[in-house]
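Coordinate analysis (summary)
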Amino acid sequence: MSRELTYAEAIREAIDLAMARDERVFLFGEDVGVYGGAFGVTDGLYQKYGPERVRDTPISEAIIAGVATGAALTGMRPIAEIQFMDFITLSMEQLVLQAAKLRFMLGGKVEVPFVLRTPAGAGTGAAAQHSESLENWFVHVPGLKVVMPSTPADAKGLLLAAIEDPNPVIFVEHKLLYRTKGSVPEGYYTTPLSQSEVKRSGRDLTIVATSLMVVRALEAATKLAEEGIEVEVVDPRTLKPLDADPIVRSVSKTGRVLIVHEAVKTGGFGGELAAVIAESEAFDYLDAPIRRLAGLDIPVPYNRELERRMVPQVEDIVTAARRLVREAR
Amino acid sequence: MNDSLAGLSPARLHELLHQMLLIRAFEESAEQLYLQGLIHGTMHLSIGQEGSAVGACAALRPTDYILSTHRGHGHCIAKGARADQMMAEFFGKETGYCRGRGGSMHIADVTTGNLGANGIVAGGVPMAAGVGLSIQMQRQDRVVLVFFGDGATNEGAFHESLNLAAIWNLPVIYFCENNQYAMSMAIARASKVEKLSDRAAAYGIPGVTVDGNDLLAVYAATQAAVTRARGGEGPTLIEARTYRWKGHSKSDKQRYRTKEEVKEWQERDPIARLVQRMMAAGILTEDAFTQLQAQVETEIAAAIEFARNSPDPDPATILEGVYA
Ligand SMILES: Cc1ncc(C[n+]2csc(CCOP(=O)(O)OP(=O)(O)O)c2C)c(N)n1
Ligand SMILES: [Mg+2]
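Residues numbered from 1 in each chain as written. Chains lettered and ligands numbered in written order. Predicted model: local features only at pLDDT ≥ 70, side-chain atom pairs only at ≥ 80, totals over all residues. Heavy atoms only, no water.

Concerning the side chain of Asn154(B)
Turning to its location among the elements, Asn154(B) is positioned in the loop between strand E2 (144-149) and helix H6 (156-167). A distance of 3.2 Å separates the side chain of Asn154(B) from the backbone oxygen of Ala190(B), its partner in a polar contact. Contacts of Asn154(B), omitting those with residues within four sequence positions, involve Pro58(A), Ile59(A), Ser60(A), Ala190(B) and Arg199(B). (Helix = DSSP H or I, 4+ residues; strand = E, 2+ residues; numbered from the N terminus. Polar contact = N/O pair within 3.5 Å; in protein donor to acceptor, adjacent residues only side chain to side chain. Contact = heavy atoms within 4.5 Å.)

Things to note about the site of ligand 1
Residues in contact with ligand 1 amount to 22 residues; listed here are only the nearest, Glu61(A), His70(B), Arg71(B), Gly119(B) and Gly151(B). In the model, an oxygen atom of ligand 1 is placed 2.7 Å from a nitrogen or oxygen of the Arg71(B) side chain. Within the contact set of ligand 1, a nitrogen atom lies 3.0 Å away from a backbone nitrogen or oxygen of Val121(B). Considering only residue class, the shell around ligand 1 consists of 9 nonpolar, 8 polar and 5 charged. (Near = heavy atom within 4 Å. Nonpolar A, V, L, I, M, F, W, Y, C, P; charged D, E, K, R; others polar.)

Quick word on the sheet that holds strand E12 (residues 238-240) of chain A
All names here are of chain A. If you trace the 7 strands from one edge of the open sheet to the other, you get E3-E2-E4-E5-E7-E6-E12, paired in mixed fashion. The sheet is open, and its two borders are formed by strand E3 (54-56) and E12, each paired with just one other strand. With direction set aside, neighbouring strand axes in the sheet form an average angle of 20 degrees. The pairing of strand E5 (residues 115-120) with strand E7 (residues 169-174) spans 6 bridges and is parallel. The residue of E7 that forms the bridge with valine 115 is valine 169. (Pairing = 2+ DSSP bridges. Axes fitted to C-alpha atoms, helices over the stretch in contact; angles between N-to-C directions.)

Digging into the domain arrangement of chain A
All names here are of chain A. Domain boundaries in chain A define domain 1 (2-185) and domain 2 (197-326). Averaged C-alpha coordinates put domain 1 and domain 2 at centres separated by 26 Å. Contact with domain 1, which involves 28 residues of that partner, is made by 25 residues of domain 2. Taking both partners together, domain 1 and domain 2 bury about 2100 Å²; carbon and sulfur atoms supply 58% of that area. Inspection of the domain 1/domain 2 interface yields 2 salt bridges. Its salt-bridge partner being lysine 199, residue aspartate 154 comes within 2.6 Å of it at the nearest N-O pair. The interface formed by domain 1 and domain 2 holds 15 residue pairs in polar contact (both at pLDDT 80 or more) in total. Secondary structure elements with two or more residues in the side of domain 1 that touches domain 2: helix H6 (135-139), strand E6 (145-147) and helix H7 (152-164). Looking at side-chain class alone, the side of domain 1 that touches domain 2 contains 15 nonpolar, 10 polar and 3 charged residues. (Domains from an automatic or database assignment. Buried area = accessible area lost by both parts, 1.4 Å probe. Salt bridge = Lys/Arg side-chain N within 4 Å of Asp/Glu carboxyl O.)

Side note on the coordination of the magnesium ion (ligand 2)
All names here are of chain B. Distances from the magnesium ion (ligand 2) to its protein donors, namely Asp150 (OD), Asn179 (OD1) and Tyr181 (O), fall within the range 2.0 to 2.1 Å. Here the donor residues of the magnesium ion (ligand 2) share one chain and are spaced in sequence as D-x28-N-x1-Y. You can see aspartate 150 sitting in the loop between E2 and H6 and its partner asparagine 179 sitting in the loop between strand E3 (172-178) and strand E4 (181-182), a full 29 residues away along the chain. (Donors = N, O, S within 2.8 Å, 3.2 Å for Na, K, Ca; no water.)

A short note on the packing of helix H1 (residues 10-35) of chain B against helix H10 (residues 270-280) of chain B
Residues and elements named next belong to chain B. Where H1 contacts H10, the two axes come as close as 10 Å, and the packing angle between them is 155 degrees. Classed by the angle they form, the pair H1 and H10 counts as roughly antiparallel. The interaxial crossing formed by H1 with H10 has left-handed handedness. In this structure, H1 contributes Leu13, His14, Leu17, Met20, Leu21 and Arg24 to the contact, and H10 contributes Pro270, Ile271, Leu274, Val275 and Met278. Here the residues of the contact of H1 with H10 sort into 9 nonpolar, 1 polar and 1 charged. (Parallel < 35°, antiparallel > 145°, perpendicular 65-115°, else oblique. Left-handed = near helix turned anticlockwise from the far one by under 90°.)

Points about the interface of chain B and chain A
Buried accessible area, meaning the area lost when the parts come together, often serves as the stated size of an interface. Between chain B and chain A, the contact holds 37 residues from the first and 35 residues from the second. Across the interface of chain B and chain A, roughly 3000 Å² is buried in total on both sides, 60% from carbon and sulfur atoms. Remark: the boundary between chain B and chain A carries 2 salt bridges. The salt bridge involving Arg189(B) is made with Asp56(A); its shortest N-O contact spans 2.9 Å. Where chain B touches chain A, the interface holds 13 residue pairs in polar contact (both at pLDDT 80 or more). Going through the elements one at a time, helix H4 (83-90) and helix H7 (187-190) of chain B are the ones with two or more residues in the side of chain B that touches chain A. Here the side of chain B that touches chain A is built from residues that sort into 15 nonpolar, 15 polar and 7 charged.

Right, dumping it as structure tokens:
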């Protein structure tokens, strides 16, 4: 059985189910308790599980990452929240130099099973220090998994899989997805990490998109279908370790690929994806150059119109896709 | 009589009262405009905290620097910013202090020594040490005052900054506006130290706690810290105890505090207190006060007009402002 839930509700349900099932799971971060989290995602969990397992921390992002690492190392299953992905910059040392490396450095003798949840993305008028999409920083670090769901059902299943996973997982949520709705199965289930999914099939062009851009790509695909352009949309869901096969297969079929993400283009995940595709057998099937559509290389502006222009919109995807299907190599 | 008014002249006190009224009116109308959908994003109002912003900046010279916070509209006005350019920034207009790129959380006015609000809790605190060092190395007769909230004192960078400023004797005033909460986190839950100024002892520098809703007390404490800093004696930590009347931001259900508590603090209104003191001292009449209020209203109306009539940024300039 499933019912309609918002992305935020699906995440809350996953945390709730994990906490009910496993005593070792606990939740902590800034204002996750009575306040219910800056975006209301953890609303009600404090009332249900109490102050021992739902903990407000002071504004101390370094210690949030440190506590997650230390507790995970010694038998707990922490779910940490960093209130906005921007503030993860203050957690970097413990995440990158400790959590990510411990298992390897210690000869595989320890595990660090925690999930760090954090909302990313622009579109709320919160300007340059509250709108970052920094996922690719973590993709660059061996030892961290990076998950970025685009639908409520995926968010729930992937979060439960991330909590079960023996490795640190950076779980990137999108602020503009929190209120989007979708059908979500009831009860406990996991959606395996590292499984890309074809969200829509088509023969003319592949769009590989992440997070909110999956939603926009699907909207663009509907519009393009009216013009007779059949787009296939693939959502990696887990950026690291990446399940490249479905992407390679799709591109081999369509011969054209547009990569769409919100994070700024330079050094973004799109570059990695483009390289993976170029190095694969899909290269031989390409009828046009691999194209990327991504955030402009600037900090996120406050002004509404500038902010809108900084991030790919549905119409930008439509235009880029239209151009690409006409392009030849 | 002058002593009880911290040595401030009647004219200066009128100026400071004007600033407090302007801050309050500015924020009240910004909130209204937000509710009307004319301003987007979010904003953090400092209503109830005008005493600490104005009292602290009153002890500074125009050439001194400040670094501010997400709750920084008061600091901005107190350091001399214009309401119209601030309002234009709220509207995201080209004529705003940040040309519409920054918004409420990033207003800066470098011409008045305001190096900027900050979206990051404790974001300005490390920079303050750098500004202090720069002043010291250039042998300038300046100081830097950095504002931050109670919540900011639990960031690691806070510790690093105070320690460095202490060992290098930097001309920095660390000004903590303890408004009792960091979002939903009561300071008593976030720190075992009862007086945040006690933390100064850990760095071997003076620490004082003042009533942040008493402009004159804030001014006197800041003045002493500024004198120390200018004299090459190094940093001071000031804790000003105050309270924010409004929610943390525009999306706060305020489940973590009671209406009674808010009311209790509203009775300690820093503006009403200064008005009372000035009237008791015979340097403010009812008439003069009414006039001042009317003047502020006119200023705010003009600021809103200016903001409304200003042009939006040209989208063609979107890539400006980054070298790389
Ligand atoms: C590094 C960082 N962590 C968290 C936040 C989110 N946040 C913004 S303001 C705030 C509370 C700050 O409390 P305090 O320092 O006491 O200042 P106040 O809001 O009370 O003025 C929080 C948690 C942030 N902006 N930056
Ligand atoms: Mg506070």
